Number of protein chains: 2
Amino acid sequence: MDLFSRELNGLLADTFRSILKIEEQAVRNSEQSDLSINELHLLEAVAKDKEKGKTISDIALDMNITLSSVTVAINKLARKGYVEKIKSENDGRRVFVKLTRLGHKVNAGHQYFHENMVRNVAAGMTEEEKEILVRGITKLNEFFKKRLEARNKK
Amino acid sequence: MDLFSRELNGLLADTFRSILKIEEQAVRNSEQSDLSINELHLLEAVAKDKEKGKTISDIALDMNITLSSVTVAINKLARKGYVEKIKSENDGRRVFVKLTRLGHKVNAGHQYFHENMVRNVAAGMTEEEKEILVRGITKLNEFFKKRLEARNKK
DNA sequence: ACTGATTAGTTAGTTTGTCAAACTATTTTC
DNA sequence: GAAAATAGTTTGACAAACTAACTAATCAGT
């Protein structure tokens, strides 16, 4: 294994662990302390479709978790007042999830944190370097997504 | 927010999630299916010091989790036969953790998986690109590590 | 138009990983 | 040699995810 491999190997685990930890703490020390990072990421996923809202299945797909996990998590967020569930009129089985006003506010705050983090990382990198970093992580992502799909089809 | 920021932002969360998922499944479908990815990563951390073994504190620091979490997790791994705990002779408070033969075997297998993944990502990247990718992620890592330390000092 | 299959989501119960708080045991320090 | 610091443990709680068994709505084929 060459230097690149060894480095990337260790780095990934370490970096991602740190990111989650920091986000967790950032959240805990914020005003909206009744939310975990996980729940914030759920809000983030819900926010991706502002008009119609996202269905439970959409969210599950997006986050790569099971339907039941989403149901439970969304119910909790609904109870806390961050999202609302709206039954589809055309198809009685489907449920659309939308952010409430409070949900939007909190999500915006978290996005700001993210932007800040990325700005910090980007500082001192050339356009080319940034591009390569994104490409590299994209490759990582594709590699894993492909594997995930393959597994799920089984 | 520019393109870079938006992309990196979404990518990180997504990639990380996928990696853990894939590893989880890889583990479950392997022979040693009584281990979670988390437990494997713990083995990985323990493996970093082959001679003396790592103390509970070392591991906690390395993984950014609390002492109590490590105690519980290591005890479980010890029960399953992947590590052993050895009391220090010079300092009766300290406990060294070492991989058993089985632990080594399983860890080696997991490392192989990691190497494979990295090789896949590296394929088609020039030396320069690889270097930049590592530098980029290193920067990310440093950014978060710094924040973590700052928080812990409070 | 029925009926069986599929799809969307829910409920219940379990597992895993983490934490905080209170504790024991062993050095260290003064 | 008493007080403080360090290393680790125990306990009880909680979050997030899973699987399995379920309900309800829609679709498809005859």
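Look a little higher up for the structure.
No experiment lies behind these values; they were computed from the predicted model shown. (Residues numbered from 1 in each chain as written. Chains lettered and ligands numbered in written order. Predicted model: local features only at pLDDT ≥ 70, side-chain atom pairs only at ≥ 80, totals over all residues. Heavy atoms only, no water.)

**Student:** So what's going on with the sheet that holds strand E3 (residues 95–99) of chain A? Which residues, and what values?
**Tutor:** Residues and elements named next belong to chain A. Read across the sheet, three strands follow the order E1-E3-E2 without closing on themselves; strand pairing throughout is antiparallel. Edge positions in the open sheet fall to strand E1 (54–55) and strand E2 (83–87), since each of these has one partner strand only. With two bridges joining them, E1 and E3 adopt antiparallel strand pairing. Looking across to E3, one finds that Lys 54 is bridged to Val 97. Contacts between helix H2 (residues 37–47) and the sheet are confined to E1, E2 and E3, with E3 contributing the most and set at about 110° to the helix. Seen against the sheet, helix H4 (residues 67–80) touches E2 and E3 and runs at an angle of roughly 115° to E2. (Pairing = 2+ DSSP bridges. Helix = DSSP H or I, 4+ residues; strand = E, 2+ residues; numbered from the N terminus. Contact = heavy atoms within 4.5 Å. Axes fitted to C-alpha atoms, helices over the stretch in contact; angles between N-to-C directions.)

**Student:** Let's hear about the protein's contact with DNA strand D: which residues, and what values?
**Tutor:** Close to DNA strand D lie 25 residues, the nearest being A:Ser36, A:Ser69, A:Gly92, B:Ser57 and B:Lys85. Between DNA strand D and A:Ser69, the relevant distance is 2.6 Å, taken from a phosphate oxygen to a side-chain nitrogen or oxygen of the residue. Going through the elements one at a time, H2 and H4 of chain A together with helix H1 (3–28), helix H3 (56–63) and helix H4 (67–79) of chain B are the ones with two or more residues in the surface near DNA strand D. Looking at which element gives the most residues to the surface near DNA strand D, the answer is H4(B), with four residues. (Near = heavy atom within 4 Å. Polar contact = N/O pair within 3.5 Å; in protein donor to acceptor, adjacent residues only side chain to side chain.)

**Student:** Go over the environment of A:Val70, please, and point to the residues and values.
**Tutor:** Residue and element names in this part refer to chain A. Mapped onto the fold, Val 70 is located in helix H4. Here Val 70 falls in the buried class, since its relative accessible area comes to 0%. A C-alpha to C-alpha distance of 8.7 Å links Val 70 and Leu 42, two positions 28 residues apart in sequence. Sequence-distant contacts of Val 70, that is, excluding residues within four places in its chain, are made with Ile 56, Ile 59, Ala 60 and Ile 65. (Buried < 20%, exposed > 50% of the residue type's maximum accessible area, 1.4 Å probe, protein only.)

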